[in-house]
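# Fold and contact review
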Amino acid sequence: MTRACVQAQAYGARGDGCTLNTRALQAAIDAAALQGAELRLGPGVYLTGALFLKSGMTLHLAHGATLLGSRDLADYPLLPTRVAGIEMRWPAALVNVYGEQDVTLTGEGCIDGDGQVFWDSYWALRATYEPRGLRWASDYDCQRPRLIQVFESARIHIGGGLLLRRSGFWTLHLCYSEDITVDGVTIRNNEDAHGPSTDGIDIDSSRRVTIRHADIAVNDDALCLKAGRDADGLRVARVCEDIHISDCVVREGAAGLTFGSETSGGIRRITAERITVHGPVPVGLLFKSAPTRGGFVQDLRITDLQLLNVPVALRATMNWNPAYSRATLPEAEAAHAPPHWHTLAAPVSAEQGRTRVEGVRLTRLSAQGADVAFEVDATDEVPLRDFEFNALDIQARRGGHVQDVRGWQFGSDCRLQLASPIRVGTRCELAGLPPHTTLADAALQRRDVSTLSMAEQDVL
């Protein structure tokens, strides 16, 4: 049966790049949903505020069609959602699938957030917040629209050649959702400038998600698994699980594949394969959390990870970006603190805040032109456990260091060409590597990143 087709122009949409089309496009979307139809957007530039796709419909952006985001924050209504690990009201994304099922967003067109105005507002606000001891609140108080959000939804398909660019905040956020497929997207957020927190794809407390054929250049985490922050994330306790990522390329970003830092609800049963990461991306595989996050990361299978001129092959830190991660409410600010400040600053006990990372199988990681092979720091109370490495091929100028690990096993097929050995903490359990590649170092200390400037912490 041929699916019914709705044309956006029939509802008054104009692709002239200056007419605000929010009402016309939403009317066309609503009509397509009523018919279970496909809404087709032909060539042109359609300026719009937030749009809400509905159950049972398809939005198809033809080659040459661009949804261009409004620069006016008032065009993105405030909605209950999760942002950077906590639940709060936040502007809608440019394109939203909010509490819907069976929605397809596809085509070879473009969704452009025109994010510069939102990036500038963030830096301006942060400059006033840092002297007040509020670096951690900047990302929550400067409201910036995401490009696409899928929230509390199921059976959603996104891809088919879409170009996603210049997002005001995270590009594609999949939250509290299930049975999602993203297949065939190109993400470009750095073409005009480098916007803060312009993540690529964030999979957040969702399950049964498949990501394929994503080509990503962003200014923060490219492919990222998340599950809530601190007390609020522990309260919600929604796990991120059964995720499959394959055949992706990361060209720019903070790391190629990231787990955390929002780990509170737990991350498990993740498969990632055939991922290529290019320099200048600073880290290939990144595990990050904080002493107040808690939760777990477990049962990961990562194969065929190719790193080309990426400075650090594998980094793990359980004390990531303290200026952002540790929300301490200054006494002088308490009287006028909004509710989400208290949410962020809610105490978490030392035991609840410990993140457990275990059961990682890494096979066929190739790193050429690396500066450092390993930068690994956890805690003595909760070391990183049961990592198994097979068929590694790492060429690096420095081995780096490994601290706080138990049950790390390297197969006999691992090949490490290191100009200097890996310094290993004395209580580590690390086996299988040739003796010349490691050096026991009783003086090895965890790096105190809290002594670094806020700008330096941001890029670690």
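Residues numbered from 1 in each chain as written. Predicted model: local features only at pLDDT ≥ 70, side-chain atom pairs only at ≥ 80, totals over all residues. Heavy atoms only, no water.

The secondary structure content of the protein amounts to seven helices and 34 strands. The dimensions of the protein, computed from C-alpha atoms along their principal axes, are 70 × 55 × 35 Å. Within the span of the protein, comprising 460 residues, buried residues form 58% of the whole. Long-range contacts, defined as pairs at least 24 residues apart, comprise 73% of the intrachain contacts of the protein with a sequence gap of at least 6. Carbon and sulfur atoms make up 50% of the accessible area of the protein, which totals about 17000 Å². (Helix = DSSP H or I, 4+ residues; strand = E, 2+ residues; numbered from the N terminus. Buried < 20%, exposed > 50% of the residue type's maximum accessible area, 1.4 Å probe, protein only. Contact = heavy atoms within 4.5 Å. Areas by Shrake-Rupley, 256 points an atom, 1.4 Å probe, with all protein chains shown as cover.)

Time to look at unusual backbone geometry. A cis amide bond, omega 0°, links Gly260 with the succeeding residue Ser261. Relative to the assigned elements, Ser261 resides in the loop between strand E21 (255–259) and strand E22 (267–278). The omega angle of the peptide bond from Gly279 to Pro280 is 15°, so this bond is cis rather than trans. When you line up the elements, Pro280 lands in the loop between E22 and strand E23 (283–288). Its identity as a non-glycine residue notwithstanding, Asp304 has a phi of 55°, on the positive side. In this structure, Asp304 sits in strand E24 (residues 296–308).

Below, the discussion takes up the nonpolar core. Counting 104 residues, the largest nonpolar core has Ile201, Ile211, Ile245, Phe259, Phe287 and Phe374 as its most contacted members. Element by element, the count of residues in this core is highest for strand E26 (residues 356–377), at nine residues. Apart from the residues lying within four places of it in its own chain, the contact partners of Ile201 are Leu172, Val182, Val185, Ile187, Ile211, Ala214, Ile216, Ala222, Leu223 and Cys224. The next biggest cluster of nonpolar side chains, apart from the first, holds 21 residues, and it includes Ile86, Trp320, Ala337 and Trp341. (Core = buried A, V, L, I, M, F, W, Y, C linked by side-chain atoms within 4.5 Å.)

As a further point, take the side chain of Glu100. As for its placement among the helices and strands, Glu100 is situated in the loop between strand E10 (95–98) and strand E11 (101–107). We note that Glu100 is buried and unpaired, the nearest opposite charge coming from Lys54 at a distance of 5.4 Å. Glu100 has contacts with Leu53, Lys54, Ser55, Glu152, Ser153, Ala154 and Ile156, leaving out every residue within four places of it along the chain. (Lys, Arg positive; Asp, Glu negative; His and termini not counted. Salt bridge = Lys/Arg side-chain N within 4 Å of Asp/Glu carboxyl O.)

If you trace the backbone, Met454 turns up in helix H7 (residues 454–458). Beyond its immediate sequence surroundings of up to four residues, Met454 is in contact with Arg126, Glu130, Arg135 and Ala323.

Moving on to the side chain of Asp112. Position of Asp112 among the secondary structure elements: in strand E12 (residues 110–112). By relative accessible area, Asp112 is classed as buried at 4%. Those residues in contact with Asp112, other than ones at most four positions away along the chain, are Thr66, Leu67, Leu68, Gly69, Leu94, Leu147, Arg165 and Arg166.

In this section: helix H1 (residues 22–35). Between its terminal C-alpha atoms H1 stretches 20 Å, which fits the 20 Å expected from 14 residues at 1.5 Å a residue. Where H1 is concerned, the buried positions are Thr22, Ala24, Leu25, Gln26, Ala28, Ile29, Ala31 and Ala32. Looking at the buried side of H1, the elements it contacts are strand E1 (5–7), strand E2 (16–20), strand E3 (38–41), strand E4 (44–48), strand E5 (51–52) and strand E7 (65–69). Backbone geometry just downstream of H1 places Gly36 in the positive-phi region, at approximately 60°. (Expected span 1.5 Å × (residues − 1).)

Our focus in this paragraph is the packing of aromatic side chains. Each aromatic ring pair is described using two quantities: the centre-to-centre distance and the angle formed by the ring planes. Enumeration over the complete set of coordinates arrives at 18 aromatic pairs. Grouping aromatic residues by their ring pairs yields a cluster made of Phe259, Phe287, Phe374, Phe387, Phe389, Trp408 and Phe410. The ring of Trp320 has Lys288 sitting right over it, with the charged end atom 4.0 Å from the ring centre. (Phe/Tyr/Trp six-rings, centres within 6.5 Å; stacked < 30°, edge-to-face > 60°. Lys NZ or Arg CZ within 6 Å of the ring centre and 35° of its normal.)

Looking now at the pattern of salt bridges. On inspection of all chains with the given rule, the structure shows 46 salt bridges. Here Arg268 ties to Glu241 by a salt bridge, and the two come within 2.8 Å at their closest N and O atoms. Here Arg268, found in strand E22, pairs with Glu241, found in strand E20 (residues 240–252); they are 27 residues apart in sequence, far enough to count as distant. Judged by relative accessible area, Arg268 falls into the partly exposed class, the value being 26%. Here Glu241 falls in the buried class, since its relative accessible area comes to 9%. Glu351 is the partner of Arg354 in a salt bridge, and the nearest nitrogen-oxygen pair spans 2.7 Å. Overall, Arg354 belongs to the partly exposed group, its relative accessible area being 27%. We classify Glu351 as partly exposed; its relative accessible area is 43%.

On to the state of the cysteines. Going through the model one piece at a time under the given rule, you end up with zero disulfides. The cysteine Cys224 is free of any disulfide, with Cys240 supplying the nearest cysteine sulfur at 9.2 Å. (Disulfide = S-S within 2.5 Å.)

Take the pairing of strand E9 (residues 86–91) next. By the bridge criterion, six bridges tie strand E8 (residues 78–83) to E9 in an arrangement that is antiparallel. Residue pairing in the sheet places Pro80 in a bridge with Arg89 of E9. Counting the residues in the hairpin turn of E8 and E9 gives two residues, including Ala84, whose phi is positive at 45°. (Pairing = 2+ DSSP bridges.)

Let's shift gears to helix H2 (residues 116–129). The first and last C-alpha atoms of H2 sit 20 Å apart over 14 residues, in line with the 20 Å expected at 1.5 Å per residue. Every buried residue belonging to H2 is among Phe118, Trp119, Tyr122, Leu125, Arg126 and Tyr129, and all of these are buried. Taken end-on, H2 shows its buried residues confined to a sector of 130°, consistent with a single buried face. On its buried side, H2 packs onto helix H3 (138–141), helix H6 (339–345) and H7. (Arc of directions from axis to C-beta.)

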